[in-house]
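Chain by chain, the residues run as shown.
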Amino acid sequence: MLTAARLRPPLCYTFPFAMTKFATESVMSPEMLAKYEVVIGLEVHAQLLTHTKIFCGCSTRFGDAPNSNVCPVCLGLPGTLPVLNKRAVEMGMRAALALNCTVHEHSRFARKNYFYPDLPKGYQISQYELPLATGGWIEIEHKGETKRIGITRLHLEEDAGKSLHDGFAHSDEKTYVDFNRCGTPLSEIVSEPDMHSPDEAYAYLTTLRQILLYTGVSDCNMEEGSLRCDANVSVRLRGAKEFGTKVEVKNLNSFRYLAKALEFEIERHIGVLESGGRISQETRLWNQSSGRTEPMRSKEKAHDYRYFPEPDLLPVHVSSAWRDEVRRSLPELPTAMRARFVSAFGITAYDAEVLTGTQALADYFEAVVKAGAPGKGAANWMQTELLRRLNDSGKEISASPVGPGALAELVTLVESGKITGAVGKKVFATMFESGRTAADIVAAEGLGAQVSDSAIEQAAREVIEKNPDNVAKFKSGNEGVFKFFVGQVMRATKGQANPQAVNEIVRKVLAE
Ligand SMILES: [Zn+2]
């Protein structure tokens, strides 16, 4: 007989991830923590960006009326048969290849049997013995060093529906079920236990998310549950060969929760071991309001699910031609793009990391440089003025009122000395608010269209050369003729030079 606690589904946690860096607060002494080595592996479920479900033609759109995107197949009605969505396999391949996995020619779907109200068939179609891809890796940056984290496997599966416990007329006595999510395609990405701190787990999840976004495999929208994460964590005495007993932590619905839950769990493990106790292998849930993990159920083993090959689907066959075609369609990935930005545009590694934060940001930067702005100047203006104002106004880069061409014009005006940096900032503020161009604002508001010192000097030399008589007068002590030179230089620079600068430069050249 199954206990109530074991009826919880493995896939029932959809909460927003929040991109917030965390602070480590430890109640344990550094000496105590240093005695142990932490071992962490992550399982990430990413919803694949297909229009239709993995085994039927129902829409995968988020937010539609409950139970409106359903059909006999995804409701698991008797007599129906699933048909594999080719696009879902292709999306899985894109992710697998970007994660340096081997995509297998033959893979197979399996039935994972468990009972839960949001799983109408009574089983989930997943991949088990023969996953789509295995043996990959990604590189993470941590404390200024690059570290490789292994990817054990990437497999395809269908999502379950959603149990809704609040917000309805009889929620106090009933649970409602929405089957819209049933059959939505997921890729489950399992890492090797290669991470040794919450920081590394954070860096891994960040990097993985970025790759999935760049490849267009998933929108990774954490608020809509498109990206979900479970962590396997254990500790062992430093130098020990055997792994410690691992605990799976679920409900890690934000980057911050992931870090906090890992910190809590690491200290709990060490506390138990130090007091002579044993860690029991179990699944725990992160409870954000109490700031603790809590036991959920004893960890189910594979045999609990009674896996067997899915009899209603043919094995999946991926030809090498198809695999190569998908590989060719992959975009430049963030790591390669960062290296190229540094070498081609002369910006720092830090700048490159910020500017490749999203594909949209990277595209914008490249467009600014293409429109004629120097790389360093473009990088500086984007990271200071542009990102700050976008952030303050809650706008995405794609909705920026200042386009790449317009920013390039402003950066060029500043870099060529036509306007000062301080004037440039004022001009940028007006551009952002009004959508007008820099040249337009500078002309209309008489912001000097400041002429560079070298241009003033050149004009001064020309004026002086053409007027030897007045030079002689000036040199013989006629101070009044100085105004003549200033006037001529102002005319030559169309009144756009800074008068103070013209005065100083004319006096300097006359004194030569
Ligand atoms: Zn359907």
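These remarks concern the structure in this document. Because the structure is a prediction, the values reported are computed rather than measured.

### Things to note about helix H8 (residues 359-370)
Here is step 1: Between the first and last C-alpha of H8 there are 16 Å, a value that for 12 residues agrees with the 16 Å anticipated at 1.5 Å per step.
Here is step 2: For H8, the full list of buried residues reads Leu361, Ala362, Tyr364, Phe365, Val368 and Val369. Taken around the axis of H8, the buried residues stretch over an arc of 160°, which confines them to a single face.
Here is step 3: Check the buried side of H8 and you find it contacts helix H3 (198-214), helix H6 (334-345), helix H7 (349-355), helix H9 (375-392) and helix H10 (404-415).
Here is step 4: Just beyond H8, the residue with positive phi is glycine 372, at close to 115°.

### Some thoughts on the packing of helix H2 (residues 86-98) against helix H5 (residues 320-328)
Here is step 1: Packing of H2 against H5 brings their axes to within 9 Å, and their N-to-C directions diverge by 65°. The crossing of H2 and H5 is right-handed. In contact with Lys86, Val89, Glu90, Met93, Arg94 and Leu97 of H2, H5 contributes Trp322, Arg323, Val326 and Arg327.
Here is step 2: Taken together, the residues of the contact of H2 with H5 sort by class into five nonpolar, no polar and five charged.

### As for the coordination of the zinc ion
Think of it this way: four donors in a tetrahedron around the metal ideally sit 109.5 degrees apart, and six in an octahedron ideally sit 90 or 180 degrees apart.
Here is step 1: Surrounding the zinc ion are the protein donor atoms Cys56 (SG), Cys58 (SG), Cys71 (SG) and Cys74 (SG), at 2.3 to 2.4 Å.
Here is step 2: Each donor residue of the zinc ion belongs to the same chain, with the gaps between them written as C-x1-C-x12-C-x2-C.
Here is step 3: For cysteine 56, a relative accessible area of 13% corresponds to the buried category.

### Thoughts on unusual backbone geometry
Here is step 1: Even without a glycine there, the phi angle at asparagine 67 is positive, about 60°.
Here is step 2: For asparagine 67, the position within the fold is in the loop between strand E1 (36-47) and H2.
Here is step 3: What makes asparagine 67 partly exposed here is its relative accessible area of 34%.
Here is step 4: We note that cysteine 220 has phi near 50°; this positive angle belongs to a residue other than glycine.
Here is step 5: Look at cysteine 220 and you get buried, because its relative accessible area is 1%.

### With respect to the environment of leucine 355
Here is step 1: The residue leucine 355 is located in helix H7 in this model.
Here is step 2: Given a relative accessible area of 0%, leucine 355 falls into the buried group.
Here is step 3: Taking the C-alpha atoms as reference points, leucine 355 and phenylalanine 365, 10 residues apart in sequence, are found 7.0 Å from one another.
Here is step 4: Ignoring any residue separated from it by four or fewer positions in sequence, one finds leucine 355 in contact with Ile347, Leu361, Ala362, Phe365, Ala379, Met382 and Gln383.

Criteria and thresholds
- Residues numbered from 1 in each chain as written.
- Predicted model: local features only at pLDDT ≥ 70, side-chain atom pairs only at ≥ 80, totals over all residues.
- Heavy atoms only, no water.
- Helix = DSSP H or I, 4+ residues; strand = E, 2+ residues; numbered from the N terminus.
- Expected span 1.5 Å × (residues − 1).
- Buried < 20%, exposed > 50% of the residue type's maximum accessible area, 1.4 Å probe, protein only.
- Arc of directions from axis to C-beta.
- Contact = heavy atoms within 4.5 Å.
- Axes fitted to C-alpha atoms, helices over the stretch in contact; angles between N-to-C directions.
- Left-handed = near helix turned anticlockwise from the far one by under 90°.
- Nonpolar A, V, L, I, M, F, W, Y, C, P; charged D, E, K, R; others polar.
- Donors = N, O, S within 2.8 Å, 3.2 Å for Na, K, Ca; no water.

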